[in-house]
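Coordinate analysis (summary)
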Amino acid sequence: MSLRTLERDAPSLFKNRLPAPTQLAVFCALSLALMVADARLQITAPLRQALATVLYPVQLALLQPLRWISDSADYLEKLEAAQRAAHEAEAKITAISLQAHQAQLLAQENQQLRGLLNLRERLPVPAQAAEVVYESPDRYSRRIILDQGQMAGIVPGSPVMDAAGVLGQVVRVQPFTSEVRLLVDRDQAIPTEVSRTGVRGVMYGLASNLTSDTVELRYMPRDSDVQPGDALVTSGLDGIYPPGLPVAVVTAVERQGATAFLRIDSQPLAKMQGTRHVLVLTPRNSVLAAERPIAQELATLSQSNADAKKKARDDKSAQRRATPAAPPGQERQP
């Protein structure tokens, strides 16, 4: 075996290659010729169309993930913008709703204050405004707490009203607050009368006042002229409530056979729940007690003036009698 068979030298055909510079020049000339030919003769246009047609599905397949990514990013961006706009719209709606609610509360408060102002001008006794702070935590009574007390001149027993009618009575006074027993409390009693007929009775809160805002007119004889719809006002017999204050309206009249009195249920005119502004009236007996010394002083002053005038008249008459008569034809000297 010849040792030349193990040689790995290339055949003579492949050894006769052009030098690298020559190959570069040839290829550059060929490329330039192809570009000029394509620019002038458009000889590669059919080839390009064929390649574009063949490669179009491949391009779509390669671009589809990019489109998915772009669409996903666009969807997430739009979703975030929509959520942000929804939150802003919800916040605006909440603010507008709050403003509308506050405007409604202000309108109601303004209406209550106007009603109290008009009522205050018609009251026969002095009154001062107060605001309800909260309801009493006692579960077995109906009471409210006002923001005015002894420092404001409120005394126990003072009647309390809202714009519609009698609300209750002050039962306890602190330096800066006062406690009011409502009209529907079971321990509250007010002497009233039927404004249509003048029939008098005593109004009490019901025993079930914790679940009802009705009152009962007691001790009315069976033959009393009381009808549903009659207005009940204060009679003023207790010396605390001025006469004629609106209290309630009769809702039901029952004649029970076993008793000598009528059962009369009434609906208070005042708002037992949700009232914010009230008027605290000075008790009538306090007003009368304060007016009594003034009346006595006025009477004394009037009597003194009358005595002084009488004395002046008597002195003038005595002076006239003491003056001598003048002779005829002569005028009396002053």
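Here, every reference points to the structure presented above.
Reading guide: rules and limits
Residues numbered from 1 in each chain as written. Predicted model: local features only at pLDDT ≥ 70, side-chain atom pairs only at ≥ 80, totals over all residues. Heavy atoms only, no water. Helix = DSSP H or I, 4+ residues; strand = E, 2+ residues; numbered from the N terminus. Contact = heavy atoms within 4.5 Å. Areas by Shrake-Rupley, 256 points an atom, 1.4 Å probe, with all protein chains shown as cover. Pairing = 2+ DSSP bridges. Axes fitted to C-alpha atoms, helices over the stretch in contact; angles between N-to-C directions. Phe/Tyr/Trp six-rings, centres within 6.5 Å; stacked < 30°, edge-to-face > 60°. Salt bridge = Lys/Arg side-chain N within 4 Å of Asp/Glu carboxyl O. Buried < 20%, exposed > 50% of the residue type's maximum accessible area, 1.4 Å probe, protein only. Patch = residues over 30% accessible without salt bridge, like charges linked within 9 Å, V, L, I, M, F, W, Y side chains within 5 Å.

1. Regarding the overall build of the protein chain
Scanning the protein chain for helices and strands turns up four helices and 12 strands. Restricting to contacts in the protein chain with at least 6 residues of sequence separation, those with at least 24 account for 58%. Looking at the protein chain as shown, the accessible area adds up to about 23,300 Å², and 58% of this sits on carbon and sulfur atoms.

2. Considering the sheet that holds strand β1 (residues 127-135)
On the basis of which strands lie adjacent, the closed barrel formed by six strands has the order β1-β2-β5-β4-β3-β12 and antiparallel pairing. Averaged over neighbouring strand pairs, the angle between their axes works out to 45 degrees when direction is ignored.

3. Describing the sheet that holds strand β10 (residues 246-255)
Strand order in this closed barrel of six strands is β6-β7-β8-β11-β10-β9, and the pairing throughout is antiparallel. Averaged over neighbouring strand pairs, the angle between their axes works out to 40 degrees when direction is ignored. The pairing of β10 with strand β11 (residues 262-268) spans seven bridges and is antiparallel. Each residue of the ladder has a partner; that of Val250, found in β11, is Ser266.

4. Some details on the packing of aromatic side chains
Applying the stated rule across the entire model yields two aromatic pairs. Considering the side-chain rings of Tyr219 and Phe261, the 6.0 Å spacing of their centres and the 85 degrees angle between planes classify their relative orientation as edge-to-face. Within this pair, whereas Tyr219 is found in the loop between β8 (215-218) and β9 (231-234), its partner Phe261 is found in the loop between β10 and β11, the two being separated by 42 residues in sequence. Here a set of aromatic residues connected by ring pairs shows up, and it is made of Tyr204, Tyr219 and Phe261.

5. As for the pattern of salt bridges
Applying the stated criterion across every chain yields a total of 12 salt bridges. Here Arg218 and Glu216 are joined by a salt bridge, their closest N and O atoms 3.5 Å apart. The exposure class assigned to Arg218 is partly exposed, which follows from its relative accessible area of 27%. A network of salt bridges, in which partner residues are shared, links Glu216, Arg218, Arg263 and Asp265.

6. Here's the deal with a nonpolar patch on the surface
On the surface, Leu18, Val26, Phe27, Leu30, Leu34, Leu41 and Ile43 cluster together into a nonpolar patch covering about 720 Å² of accessible area. Tracing the backbone through its elements, the reader meets Ile43 in the loop between α2 (20-41) and α3 (45-122).

7. Description of the pairing of strand β2 (residues 143-146)
The side-chain alternation of β2 yields two buried faces, one formed by Arg143 and Ile145 and the other by Ile144 and Leu146. Where β1 meets β2, three bridges bridge the pair, whose relative direction is antiparallel. Residue Tyr134 lies in a different strand from β2, and its bridge partner there is Ile145.

8. Quick notes on the environment of Met220
With respect to the secondary-structure elements, Met220 resides in the loop between β8 and β9. Residues within four places of Met220 in sequence aside, it is in contact with Val199, Arg200, Gly201, Val226, Ala260, Phe261, Leu262 and Ile264.

9. Points about the pairing of β9
One ladder, built from three bridges, connects strand β6 (residues 189-194) with β9; its direction is antiparallel. Looking at the pairing, Thr192 lines up with Thr234 of β9.

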